[in-house]
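So the chains spell out like this:
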Amino acid sequence: MELLERLVQAVQDGEAEDAVALAEEAMAAQMDPLAVVDALTEGIREVGNRFERMEVFLPEMMLAAQAMQKAMEPISPCLEGIKEGREGKGTIVLGTVEGDIHEIGKHIVALLLEVNGFAVHDLGPDVNALDFIKRAQEVKADIIGASALMTTTMPGQQEIIELLKDMGLRDTFHVTVGGTPVTQEWAEEIGADSWAENASQAVAILEEAMGERRGHASTAL
Ligand code: B12
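Caption draft 1: Here's a closer look at the pairing of strand β1 (residues 90-96). Counting buried positions along β1 yields 7 of 7 residues, so the element is predominantly enclosed. Pairing analysis gives 5 bridges linking β1 to strand β2 (residues 118-122), with the strands arranged parallel. Residue L94 lies in a different strand from β2, and its bridge partner there is D122. Tracing the backbone out of β1, into helix α5 (residues 104-115) and back to the parallel element β2 gives a crossover that is right-handed.

Caption draft 2: Focus on the coordination of the cobalt atom of the ligand. Of all protein atoms, H102 (NE2) alone acts as a donor to the cobalt atom of the ligand, lying 2.2 Å away. Relative to the helices and strands, H102 is located in the loop between β1 and α5.

Caption draft 3: Examining the side chain of S194 more closely. Along the chain, the position of S194 falls in strand β5 (residues 194-195). The exposure class assigned to S194 is buried, which follows from its relative accessible area of 8%. Within polar-contact distance, the side chain of S194 engages the side chain of H174 at 2.8 Å. With sequence-adjacent residues up to four places away left out, S194 is seen in contact with H174, V175, T176, V177, A187, I205 and L206.

Caption draft 4: Quick peek at the domain arrangement of the protein chain. Under the domain assignment used here, the protein chain contains domain 1 (3-80) and domain 2 (90-220). Distance from the C-alpha centre of domain 1 to the C-alpha centre of domain 2: 25 Å. Counting residues at the interface gives 11 residues for domain 1 and 9 residues for domain 2. At the boundary of domain 1 with domain 2, total buried surface from both sides reaches about 830 Å², with 76% on carbon and sulfur atoms. Here domain 1 and domain 2 share 0 salt bridges between them. Taken together, the connections running from domain 1 to domain 2 amount to 0 residue pairs in polar contact (both at pLDDT 80 or more). Of all the secondary-structure elements, those providing two or more residues to the side of domain 1 that touches domain 2 are α3 (33-52) and α4 (58-80). With 7 residues, α4 is the largest single contributor of residues to the side of domain 1 that touches domain 2. Within the side of domain 1 that touches domain 2, the residues separate by chemical class into 7 nonpolar, 2 polar and 2 charged.

Caption draft 5: Main features of the site of the ligand. For the ligand, the set of nearby residues contains 36 residues, the closest of which are R45, I101, H102, E103 and S147. Within the side chain of R45, a nitrogen or oxygen atom sits 2.7 Å from an oxygen atom of the ligand. Among the elements that line the shell around the ligand, the one with the most residues is α3, at 6 residues. In terms of residue class, the shell around the ligand is made up of 17 nonpolar, 14 polar and 5 charged.

Caption draft 6: Representation of the packing of helix α1 (residues 3-12) against α4 within the structure. Across the interface, α1 lies against α4 with an axial gap of 7 Å and an inter-helix angle of 135°. Here α1 lies oblique to α4, going by the angle between them. Taking contact as the criterion, the partners of L7, A10, V11 and Q12 in α1 are, on α4, A64, A67, M68 and A71. Looking at the contact of α1 with α4, its residues break down into 7 nonpolar, 1 polar and no charged.

Caption draft 7: Seen up close, a negative patch on the surface. On the surface, a cluster of negative charge is contributed by D13, E15, E17 and D18. The exposure class of D13 is partly exposed, given its relative accessible area of 43%.

Reading guide: rules and limits
Residues numbered from 1 in each chain as written. Predicted model: local features only at pLDDT ≥ 70, side-chain atom pairs only at ≥ 80, totals over all residues. Heavy atoms only, no water. Buried < 20%, exposed > 50% of the residue type's maximum accessible area, 1.4 Å probe, protein only. Helix = DSSP H or I, 4+ residues; strand = E, 2+ residues; numbered from the N terminus. Pairing = 2+ DSSP bridges. Right-handed = clockwise from strand over helix to strand, strands pointing away. Donors = N, O, S within 2.8 Å, 3.2 Å for Na, K, Ca; no water. Polar contact = N/O pair within 3.5 Å; in protein donor to acceptor, adjacent residues only side chain to side chain. Contact = heavy atoms within 4.5 Å. Domains from an automatic or database assignment. Buried area = accessible area lost by both parts, 1.4 Å probe. Salt bridge = Lys/Arg side-chain N within 4 Å of Asp/Glu carboxyl O. Nonpolar A, V, L, I, M, F, W, Y, C, P; charged D, E, K, R; others polar. Near = heavy atom within 4 Å. Axes fitted to C-alpha atoms, helices over the stretch in contact; angles between N-to-C directions. Parallel < 35°, antiparallel > 145°, perpendicular 65-115°, else oblique. Patch = residues over 30% accessible without salt bridge, like charges linked within 9 Å, V, L, I, M, F, W, Y side chains within 5 Å. Areas by Shrake-Rupley, 256 points an atom, 1.4 Å probe, with all protein chains shown as cover. Lys, Arg positive; Asp, Glu negative; His and termini not counted. Charge placed at Lys NZ, Arg CZ, Asp CG, Glu CD.

Written out as structure tokens, the structure reads:
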């Protein structure tokens, strides 16, 4: 079995120690860290599908999640290695919405944004809509990023946008949304400014959005 396959398998089996060793091996072999993260993402989503089909249960899903988080430890510094010294892209307040404890994907989004020059304030999982806004005001953020991994918690993303409107702050922040069940259609329906399918896409979309924002700011002057 190829190294990458063995790594994905170790994560799916919840074998954290093996996963770390194989991730280290993959990084030593100079594999593309982004490609490795993509493969692991597919792998853990497959565990979710098995969970849905009741082929595995919560403890197995938890072990797989832990193994994925551990495997990210040797990979993260290599992602930082692709940093190209592009600082000051913008400030983002990022969190997973209230009632939702999933945060592996959000961590990856935070990491990739950081290495690409964004200042990231990660509020963690289970964040109340108002807390996203309060923190965004405190740190003078450009962007609010809300992750939701469950169909039942997606309305938390909408709540942030509705609250911003009620507070007269809708145009102050670019609101981006993501998470497995979140789609472009949902983003449009709730009036979000952007949506991204994965972390690399999030970087590209937010870089573009911040470029446009700055463009507007300078023409306004
Ligand atoms: C790992 C996992 C867990 C772990 C979470 C560990 C952790 N600390 O995060 C544990 C075991 C704790 C867990 C718990 C539960 N889980 Co769970 N879990 C998953 C699983 C298998 C993988 C999620 C993941 O980490 N993916 C890998 C990352 C890298 O991908 P990602 O999250 O999609 O993120 C990428 C993109 O979406 C995007 N992105 C993500 N966020 C954002 C944000 C922004 C702003 C942007 C732009 C982009 C973006 O970029 C990321 C990187 O590329 C999914 C299956 C699935 N298909 O998603 C189920 C899944 C999400 N869980 C599910 C369920 C039901 C639960 C539980 C309710 C189970 C239970 N009975 O207790 C609890 C939830 C409790 C709660 N209140 O939140 C269901 C949800 C079903 C639904 N209602 O929609 C799923 C879909 C499994 C299934 N098929 O049934 N879970």
